[in-house]
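A closer look at the structure
So the chains spell out like this:
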Amino acid sequence: MPPTSRRRLISSLSAGSILMPGLLSELLAKDAEGDPLAPKEPHFEAKAKRVIFVFSNGGVSHMDTFDYKPELFKADGKKTGTGGGLSNEQRVLLKPLWDFHPGGDCGTLVSDLFPFLRQQMDDICVIRSLNGNDNEHYNATLGMHTGSFFFSRPSIGSWVSFGLGTANQNLPSFVALAPTMPYAGTQIFNNDFLPAYHQGVRVIGGNEPVANLKARTPASLQERELQLSELLNNRHLQQHRGNQELAARIRSFETAFRMQSEAPEAFDVASEPESVRKLYGLQDGQNQGFAWQCLVARRLSERGVRFVEIVDGSSSHNWDQHGNMAEHADHARNIDQPLSALLQDLKARGMLDDTLLVWTTEFGRTPGVDGTKGRGHHSACFSSWLAGAGVK
């Protein structure tokens, strides 16, 4: 193994292991010799070929959504429990504002916040036992995406890209549908010490979903420019063999060029049948919003993108209801129908068998009140759910 540089040593320390980047360097050097994003076989046969990861910002209350607590209804205003802004006070208990009803043949109890998703519970596995180590939004969001609450590490999408590559060389292996930024910002799709081509490409929606994707010069001129650029890049790379950072930068430019031909079509949901657009709740001509994100996630997944993240909300507009839990209704209404449609759409196309669909948040909320009608941050317990890829 070649000597570890100062920069790489610092990276390894920030990653929590002095050996990690050193061990990766040999693997990355081998990647640089061929196509680092070529599809790779996993160590063991797996049902999941791709991931759609949905992240709801702000800390969704498990007790008001997927985790029925009958005793909480009875104890409303009569007993005290964990409450306050950061789970650090004993406050009077607050019952959920919504009733729960069974969904599907399995009878999983889901609140009235999610009437559409409740109908799909036979295909959804709810996990009610999650817990984290931090009650602050930034750290908890970072931990959910990277496994580290305090230090920069590659995001989960970057690791999937690194491990499995992509089935479509004209699109990135990792796409983040993030019109607005969550608390941890770009760290949620950052590659950190992995090569640059494993970083998630941010898509924001609207008339230009990806910044600077449209060519600014005629195709013939651009082609000549790229031929010259390729010649110079390869000559430079020959003089710096084994430099994975340089190879990664060149590979990123190549992917960006290929995206010009295929990405616009993938983002154009107008080509979908009207029945599909109505299923998601999309209006004619709509090219942004959560319903658009969900439909584009399916279109990207079926075109070979390995990992798609859908970001719900931002650091300033999200599920963080300290003052009034009733505001949860607005956020649930925004995602309920599109998520239900995404699950149904994947299943109808036969994609749910090998697509892992994940919904999660950074932490739950306190059973005790915060303010007068809200709930505080609660990392000790929260809920997520999975669907597809053999999950039962």
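As a reminder, the structure under discussion sits directly above these lines.
Structural notes, computed from the coordinates.

Calculation notes
- Residues numbered from 1 in each chain as written.
- Predicted model: local features only at pLDDT ≥ 70, side-chain atom pairs only at ≥ 80, totals over all residues.
- Heavy atoms only, no water.
- Pairing = 2+ DSSP bridges.
- Helix = DSSP H or I, 4+ residues; strand = E, 2+ residues; numbered from the N terminus.
- Axes fitted to C-alpha atoms, helices over the stretch in contact; angles between N-to-C directions.
- Contact = heavy atoms within 4.5 Å.
- Buried < 20%, exposed > 50% of the residue type's maximum accessible area, 1.4 Å probe, protein only.
- Phe/Tyr/Trp six-rings, centres within 6.5 Å; stacked < 30°, edge-to-face > 60°.
- Core = buried A, V, L, I, M, F, W, Y, C linked by side-chain atoms within 4.5 Å.
- Salt bridge = Lys/Arg side-chain N within 4 Å of Asp/Glu carboxyl O.

1. Examining the sheet that holds strand β9 (residues 307-312)
Pairing is mixed in the open sheet, where 7 strands are placed in the order β6-β13-β10-β1-β9-β7-β8. Unpaired on one side and paired on the other, β6 (124-130) and β8 (201-203) mark the two borders of the sheet. When strand polarity is set aside, the average angle formed by the axes of neighbouring strands in this sheet is 20°. Here strand β10 (residues 355-361) runs beside strand β13 (residues 382-387); their pairing, made up of 3 bridges, is antiparallel. When the sheet's bridge partners are listed, Trp359 is paired in β13 with Trp385. Packing of helix α10 (residues 290-302) onto the sheet brings it into contact with β1 (50-56), β7 (174-177), β8 and β9, and relative to β9 it is tilted by some 175°.

2. Comments concerning the side chain of Thr360
Looking at the element boundaries, Thr360 is found in strand β10. Of the residues examined, Thr360 reaches a relative accessible area of 3% and is grouped as buried.

3. Overview of the environment of Asp35
Here Asp35 is to be found in the loop between α2 (20-33) and β1. Here Asp35 falls in the partly exposed class, since its relative accessible area comes to 36%. C-alpha separation for the pair Asp35 and Gln169, spaced 134 residues apart in sequence, amounts to 9.7 Å. With sequence-adjacent residues up to four places away left out, Asp35 is seen in contact with Gln169 and Arg251.

4. Describing unusual backbone geometry
What is expected of a backbone is that most residues other than glycine have negative phi and most peptide bonds are trans. Notably, Ser87 is not glycine yet its phi reads approximately 60°, a positive angle. Examined against the element boundaries, Ser87 turns out to sit in the loop between β2 (80-83) and β3 (89-92). Phi is positive for Asp192, close to 50°, though the residue is something other than glycine. Along the polypeptide, Asp192 turns up in the loop between β7 and β8. Taking the relative accessible area as the measure of exposure, Asp192 reaches 25% and is therefore partly exposed.

5. Observations regarding the packing of aromatic side chains
A full pass over the atoms with the stated rule returns 11 aromatic pairs. Ring plane angle 75° and centroid distance 6.1 Å describe the contact between Trp159 and Phe193, whose orientation is recorded as edge-to-face. Taken together, the residues span a long stretch of sequence, with Trp159 in helix α6 (residues 156-164) and Phe193 in the loop between β7 and β8 at a distance of 34 residues. Members of the aromatic cluster, each reached through a chain of ring pairs, are Phe66, Phe114, Trp319, Trp359 and Trp385.

6. Quick look at the nonpolar core
Of all hydrophobic cores here, the largest spans 52 residues; its most connected members are Phe114, Leu177, Leu300, Ile310, Leu339 and Trp385. Phe53, Phe189, Val311 and Val358 belong to the second-largest nonpolar core, a separate cluster that totals 14 residues.

7. A closer look at the pattern of salt bridges
Taken as a whole and judged by the stated rule, the model has 23 salt bridges. The partner of Glu265 in a salt bridge is Arg299, and the shortest N-O contact between them spans 3.2 Å. Highlighted residues: Glu265 in helix α8 (residues 244-267) and Arg299 in helix α10, separated in sequence by 34 residues. A relative accessible area of 38% means that Glu265 is categorised as partly exposed. Residue Arg299 is classed as buried on the basis of its relative accessible area of 2%. Among the ionic pairs, Glu302 bridges to Arg303, the shortest N-O distance being 3.2 Å.

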